[in-house]
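# Inside the fold
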Amino acid sequence: LQWTSNGCDQGSLCATLEFCTDGSSIYGYRKPGDTHSCGSKPGPLIRMEPGQKYKLTLRNTASDPSLKTNIHTHGLHIPGDGDADDITRSVEGGSCLDYTYDIPADHPGGTNWYHPHKHEFTEEQTGGG
């Protein structure tokens, strides 16, 4: 994933991640403009640095508004509410949702992961790509 300061609040970096489906049971994340099939594993690598603030826009490219999704992270020391890692937030197909990750300056390095965590769809979306 490529972070940019263009169009961001001062001091933040921004990027967009797309949630996609092939219309059946294949789901996944991809970078905007990717031409690979939906559901390629693993999803795009997201690198973050301690002491930096990030705004990630999740674009749900599904054509069905009832296909909702979200992002949940493991290993980041960020709030579990608001626009950070609140698993009760979700985005309908055809819409976008912003996440703000304010990574503490003393955050330890590590290999963390992310996945969809929309209740009722977590297993299906995570298992489908």
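Attention here is on the structure that accompanies the text. No experiment lies behind these values; they were computed from the predicted model shown.

## Remarks on the pattern of salt bridges
Pairs may arise between side chains of opposite charge once their charged atoms sit close together. For the structure on display, the rule yields 3 salt bridges. Of the charged contacts, one joins E18 and R30 as a salt bridge, the two residues approaching to 3.1 Å between their closest N and O atoms. Of the two residues, E18 sits in strand β1 (residues 12-21) while R30 sits in strand β2 (residues 27-30), which places them 12 residues apart along the sequence. The class of R30 is buried, set by a relative accessible area of 18%. For R59, the salt bridge identified is with E18, shortest N-O distance 3.0 Å. Note that R59 is positioned in strand β3 (residues 53-60) and E18 in strand β1, a separation of 41 residues in sequence. For E18, a relative accessible area of 9% corresponds to the buried category. A network of salt bridges, in which partner residues are shared, links E18, R30 and R59.

## Focus: the state of the cysteines
Cysteine pairs can be linked by a disulfide, which is a covalent bond between their two sulfur atoms. All chains considered together, the criterion is met by 1 disulfide. Between C8 and C14 runs a disulfide, and the two sulfur atoms are separated by 1.8 Å. The pair formed by C8 and C14 is uniform in burial state, with each residue classed as buried.

## Things to note about the nonpolar core
Grouped together as the largest cluster of nonpolar side chains are 22 residues, with contacts concentrated most on L17, Y29, L56, L58, I71, Y99 and Y101. Of all the elements in the fold, those that place two or more residues in this core are β1, β2, β3 and β5 (96-102). In this view, I71 contacts L17, Y29, L56, L58, D85, Y99, Y101, Y114 and H115; residues no more than four positions away in its chain are not counted.

## Overview of the sheet that holds β3
On the basis of which strands lie adjacent, the open sheet formed by 4 strands has the order β2-β1-β3-β5 and mixed pairing. Here the strands that pair on one side only, and so sit at the sheet edges, are β2 and β5. Within this sheet the neighbouring strands show an average axis-to-axis angle of 25°, counted without direction. Where β3 lies against β5, 7 bridges are found, and the strand directions are antiparallel. Opposite L56, over in β5, you have Y99 as the bridge partner.

The rules behind the values
- Residues numbered from 1 in each chain as written.
- Predicted model: local features only at pLDDT ≥ 70, side-chain atom pairs only at ≥ 80, totals over all residues.
- Heavy atoms only, no water.
- Salt bridge = Lys/Arg side-chain N within 4 Å of Asp/Glu carboxyl O.
- Helix = DSSP H or I, 4+ residues; strand = E, 2+ residues; numbered from the N terminus.
- Buried < 20%, exposed > 50% of the residue type's maximum accessible area, 1.4 Å probe, protein only.
- Disulfide = S-S within 2.5 Å.
- Core = buried A, V, L, I, M, F, W, Y, C linked by side-chain atoms within 4.5 Å.
- Contact = heavy atoms within 4.5 Å.
- Pairing = 2+ DSSP bridges.
- Axes fitted to C-alpha atoms, helices over the stretch in contact; angles between N-to-C directions.

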